[in-house]
Amino acid sequence: MALKEGQKTKHINEVETRIMVEKIMIHYDLKNEREFIALIKQVKPQNLHYLKKETRAFYECILGHLELKKENFQEAEEYFDTCIRFLEQENPKHLPVLYKAKIELYQRLGHKDAVMQAYAKGIAYANQYGIDLYKITMYETMIYYYVDQKDYENAFKFQKTVSEARRQYDAANRSGNLNILENELLQQRNEVQMTDRQKIMILLGSIIFLLIMLSFVLYKLYRSTQKGRKHMEVENKIMRSKLEDFINSSPQFNSKITNKINKQNLKIRHLEIIELVKQGKTNKEIGAILFISENTVKYHLKSIYELLEIDNRSALVDVK
């Protein structure tokens, strides 16, 4: 739909480029190599300036991995260094992704000192921005490195670190699932309360209608006799007063939600994930629906939490 709308405007090159790159990253996450390589061939280098620096960094990181796979080490390093510069300017919290790639590069080249330097920088950024998933990623990369070096003692140390980090990470996710369940129960209770309020309003409307009809009858009696008129005026005032008291004392429900977000800061992918989270979908289910990996879902959720200045899935469910 975005592509169709964009093709109607003067921004057709920008729209086509951005959508094509998003598709490339989706197929890359799904390991559909044939599909993403075919799309990469269609991307025009002169149109890459339409991408945000963060998006371009992830895109060119894919190109770097392709060069690494072909053992074009110099070209791969150039891509990775370019991506690092983009992320340093745009969003340095994602730099561990690039330093992980550089560890793999230097491992292939046999540059042990460069491997340790890349690890130190990557884990420093992961700690600086408190992104647990990136910490785990860096630890796991070092496990593979030490196993490749047959340094099983250090590999075992990092394995223990990964196990503890994953235990804490999974515990946090389980807590988030409990919060989701709690909010679902709260939503069900609110729906029941809303139904009860609707019934009360129907009953109140019926009472008001009956009172109006009664007032009409009293008015007709008032016209028929002078004595009855005075009596009915008093009674009518009493009933109107009671009706106003009843109406004024009826419960009011405020369904406006005061926590609003600036959607201009959110990407389409973020909005899709927020909607699926509110539907109670798990990270794995969201990944299957959007054709992205579970890790990518977790990465997007972390970005959403930071943009909305919230720290858990429960707070996200309440966002409108």
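Not measured: the values here are computed from a predicted model. (Residues numbered from 1 in each chain as written. Predicted model: local features only at pLDDT ≥ 70, side-chain atom pairs only at ≥ 80, totals over all residues. Heavy atoms only, no water.)

Take the overall build of the chain next. In terms of regular secondary structure, the chain is built from 14 helices and 0 strands. Reading the helices (α) and strands (β) of the chain from amino to carboxyl end gives α-α-α-α-α-α-α-α-α-α-α-α-α-α. Taken across its 320 residues, the chain has 36% of its residues classed as buried. Counting contacts in the chain only where the partners sit at least 6 residues apart, residues at least 24 apart contribute 56% of the total. (Helix = DSSP H or I, 4+ residues; strand = E, 2+ residues; numbered from the N terminus. Buried < 20%, exposed > 50% of the residue type's maximum accessible area, 1.4 Å probe, protein only. Contact = heavy atoms within 4.5 Å.)

On to the nonpolar core. Judged by nonpolar contacts, the single largest core of 34 residues is most densely connected at Phe80, Leu98, Ile103, Tyr119, Tyr139, Met142 and Phe158. Secondary structure elements with two or more residues in this core: helix H4 (53-69), helix H5 (73-90), helix H6 (95-109), helix H7 (112-129), helix H8 (132-148) and helix H9 (152-224). Element by element, the count of residues in this core is highest for H8, at 8 residues. Residues contacting Met142, with those up to four places away along its chain left out, are Ile103, Val115, Met116, Tyr119 and Phe158. In this structure, Met20, Ile40, Phe58 and Tyr59 belong to the second largest nonpolar core, which totals 19 residues. (Core = buried A, V, L, I, M, F, W, Y, C linked by side-chain atoms within 4.5 Å.)

What follows deals with the confidence of the model for the chain. Across the chain, pLDDT averages 83, with 83% of residues at or above 70. Put simply, helix H10 (residues 226-248) is where the chain has its lowest mean pLDDT, 48, and H7 is where it has its highest, 95. Within the model, the stretch residues 238-261 combines pLDDT values under 50 with 17 contacts to residues more than four positions away or in other chains. (pLDDT = per-residue confidence, 0-100.)

Helix-helix packing is described using two parameters, namely the angle between the two axes and the distance between the axes. Running from amino to carboxyl end, H6 crosses H7 at an angle of 165°, the nearest separation of the two axes being 8 Å. If you check the angle between H6 and H7, you find them roughly antiparallel. For the pair H6 and H7, the crossing hand works out as left-handed. On the side of H6, the interface is formed by Leu95, Pro96, Tyr99, Lys102, Ile103, Tyr106 and Gln107, while H7 contributes Ala114, Val115, Ala118, Tyr119, Lys121, Gly122, Tyr125 and Ala126. Counted by class, the contact of H6 with H7 contains 11 nonpolar, 2 polar and 2 charged residues. (Axes fitted to C-alpha atoms, helices over the stretch in contact; angles between N-to-C directions. Parallel < 35°, antiparallel > 145°, perpendicular 65-115°, else oblique. Left-handed = near helix turned anticlockwise from the far one by under 90°. Nonpolar A, V, L, I, M, F, W, Y, C, P; charged D, E, K, R; others polar.)

Further remarks concern the packing of helix H2 (residues 12-29) against H4. Contact pair H2 / H4: the axes reach a minimum separation of 10 Å and the direction vectors enclose 50°. Here H4 runs oblique to H2, going by the angle between their axes. The two elements H2 and H4 meet at a crossing, and its hand is left-handed. For the pair H2 and H4, contact is made by Val21, Ile24, Met25 and Tyr28 and by Thr55, Phe58, Tyr59, Ile62 and His65, respectively. When the residues that make up the contact of H2 with H4 are grouped by side-chain class, the tally is 7 nonpolar, 2 polar and no charged.

Right, let's talk about the packing of aromatic side chains for a bit. Applying the stated criterion across every chain, the model contains 7 aromatic pairs. Consider the rings of Tyr99 and Tyr125, whose centres lie 6.3 Å apart with planes at 10°: the pair is stacked. Of this pair, Tyr99 sits in helix H6 while Tyr125 sits in helix H7; the two residues are 26 residues apart in sequence, bridging distant segments of the chain. Relative to Phe158, the ring of Tyr119 has its centre 5.6 Å away and its plane inclined at 85°; by these criteria the two rings are edge-to-face. Here the residue Tyr119 occupies a position in helix H7, and Phe158 occupies one in helix H9, the gap between them amounting to 39 residues. Owing to a relative accessible area of 13%, Tyr119 belongs among the buried residues under this scheme. A residue is classified by how much of its surface remains accessible, and Phe158, at 14% relative accessible area, is buried. By the ring-pair criterion, three or more aromatic residues cluster together here, those being Tyr119, Tyr139, Tyr145, Tyr146 and Phe158. (Phe/Tyr/Trp six-rings, centres within 6.5 Å; stacked < 30°, edge-to-face > 60°.)

All right, on to the side chain of Thr141 then. Mapping Thr141 onto the fold places it in helix H8. Given the relative accessible area of 4%, Thr141 is considered buried. Engagement of the side chain of Thr141 in a polar contact is seen with the backbone oxygen of Thr137, the distance being 2.8 Å. Residue contacts for Thr141: discarding those within four places in its chain leaves Lys100 and Ile103. (Polar contact = N/O pair within 3.5 Å; in protein donor to acceptor, adjacent residues only side chain to side chain.)

Turning next to H4. For H4, which comprises 17 residues, the first-to-last C-alpha distance of 24 Å matches the rise-based estimate of 24 Å (1.5 Å per residue) to within 8%. For H4, the tally of buried residues reaches 14 of 17 residues, placing the bulk of the element in the interior. (Expected span 1.5 Å × (residues − 1).)

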